[in-house]
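Chain by chain, the residues:
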Amino acid sequence: MRLTPLFILLFLATVTTSAFAGSVTYADMRGAWQSTQCTAPQAFILAAKGSEARANDLNAQIAERNKYIAEAHDYMLCISQEAQRDSDATGILVTQSAKALLDKTQSEIDAAMIGPQPRMPAK
C-alpha cells in the first residue's frame, strides 16, 4: 500500500517527461531553458554597398534580408510554442506530484486512525 504513491509518481514522471521538448539546467541559483527543437536562422549581415551598386546586387541583398526575416519569425514562433508546451507539462507534473504526496499522507493518516482508539471514561 505504501509503494503505490511511489509507483504513481514514477509513472507520472515517465509519462510527462516525454512531453518536454527543451532542456532545463539549474546551477548556482540560476536556471536556463533551451530549445531542442528549434533552429536559429543564420544572422543576416548587411553587405556594404555604395551608391553605385548594381540593381541586381541590391535586389539579391533585399531577398536575403526578407528570407532571414521570415526564418527569424518562424524561429520565434517555434520557440514560443515549444516553451509553452514545456511550461504546460511542468505545471501538470507539479500538480500531479503534489496530489500524489497529499494522497500518500492522507492514506497514512487514515491508517493511523484505524489503530487503537482512546477509551472514553465511564460515567
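Each remark here, short or long, concerns the structure printed above.
Residues numbered from 1 in each chain as written. Predicted model: local features only at pLDDT ≥ 70, side-chain atom pairs only at ≥ 80, totals over all residues. Heavy atoms only, no water.

Asker: Explanation requested: the overall build of the chain in the structure shown.
Answerer: Per the secondary structure count, the chain includes 2 helices and 2 strands. Helices and strands in the chain line up, N terminus first, as α-β-β-α. In the chain, which comprises 123 residues, the share counted as buried stands at 11%. For the chain, contacts bridging at least 24 residues in sequence account for 66% of all contacts bridging at least 6. For the chain, the exposed area adds up to about 10300 Å²; of that, 62% sits on carbon and sulfur atoms. (Helix = DSSP H or I, 4+ residues; strand = E, 2+ residues; numbered from the N terminus. Buried < 20%, exposed > 50% of the residue type's maximum accessible area, 1.4 Å probe, protein only. Contact = heavy atoms within 4.5 Å. Areas by Shrake-Rupley, 256 points an atom, 1.4 Å probe, with all protein chains shown as cover.)

Asker: Looking at this structure, how should I read the side chain of Ser-35?
Answerer: Checked against the element boundaries, Ser-35 lands in the loop between strand E2 (30-34) and helix H2 (55-114). Here the side chain of Ser-35 touches Gln-37 through a polar contact of 3.3 Å, landing on its backbone nitrogen. Polar side-chain contacts of Ser-35 include one of 3.0 Å to the backbone nitrogen of Cys-38. For Ser-35, the contacting residues outside a window of four places in its chain are Gly-22, Ile-79 and Glu-82. (Polar contact = N/O pair within 3.5 Å; in protein donor to acceptor, adjacent residues only side chain to side chain.)

Asker: Help me out: how do you make sense of the packing of aromatic side chains in this one?
Answerer: A ring pair, where both rings are aromatic, is described by two values, the distance of the centres and the angle of the planes. By the definition in use, this model includes 1 aromatic pair. For the pair Phe-44 and Tyr-68, a centre-to-centre distance of 6.4 Å together with 25 degrees between the ring planes defines the contact as stacked. Taken together, the residues Phe-44 in the loop between E2 and H2 and Tyr-68 in helix H2 connect sequence positions 24 residues apart. Phe-44 gets classed as partly exposed once you look at its relative accessible area, which sits at 24%. (Phe/Tyr/Trp six-rings, centres within 6.5 Å; stacked < 30°, edge-to-face > 60°.)

Asker: What exactly am I supposed to notice about the state of the cysteines here?
Answerer: Every disulfide links exactly two cysteines, by a covalent bond between their sulfur atoms. Inspection of the entire model under this criterion finds 1 disulfide. Here Cys-38 pairs with Cys-78 through a disulfide, and the sulfurs are 1.9 Å apart. Measuring handedness by torsion sign, the sulfur bridge of Cys-38 and Cys-78 sits at about -85 degrees and is left-handed. You can see Cys-38 sitting in the loop between E2 and H2 and its partner Cys-78 sitting in helix H2, a full 40 residues away along the chain. A residue is classified by how much of its surface remains accessible, and Cys-78, at 23% relative accessible area, is partly exposed. (Disulfide = S-S within 2.5 Å.)

Asker: Please explain the environment of Phe-20 as it appears in this structure.
Answerer: By the element assignment, Phe-20 lies in the loop between helix H1 (3-17) and strand E1 (23-27). Since its relative accessible area comes to 27%, Phe-20 is described here as partly exposed. A sequence separation of 65 residues divides Phe-20 from Arg-85, and the C-alpha atoms of the two residues are 7.2 Å apart. In contact with Phe-20, other than residues within four places in its own chain, are Asp-86, Ala-89, Thr-90 and Leu-93.

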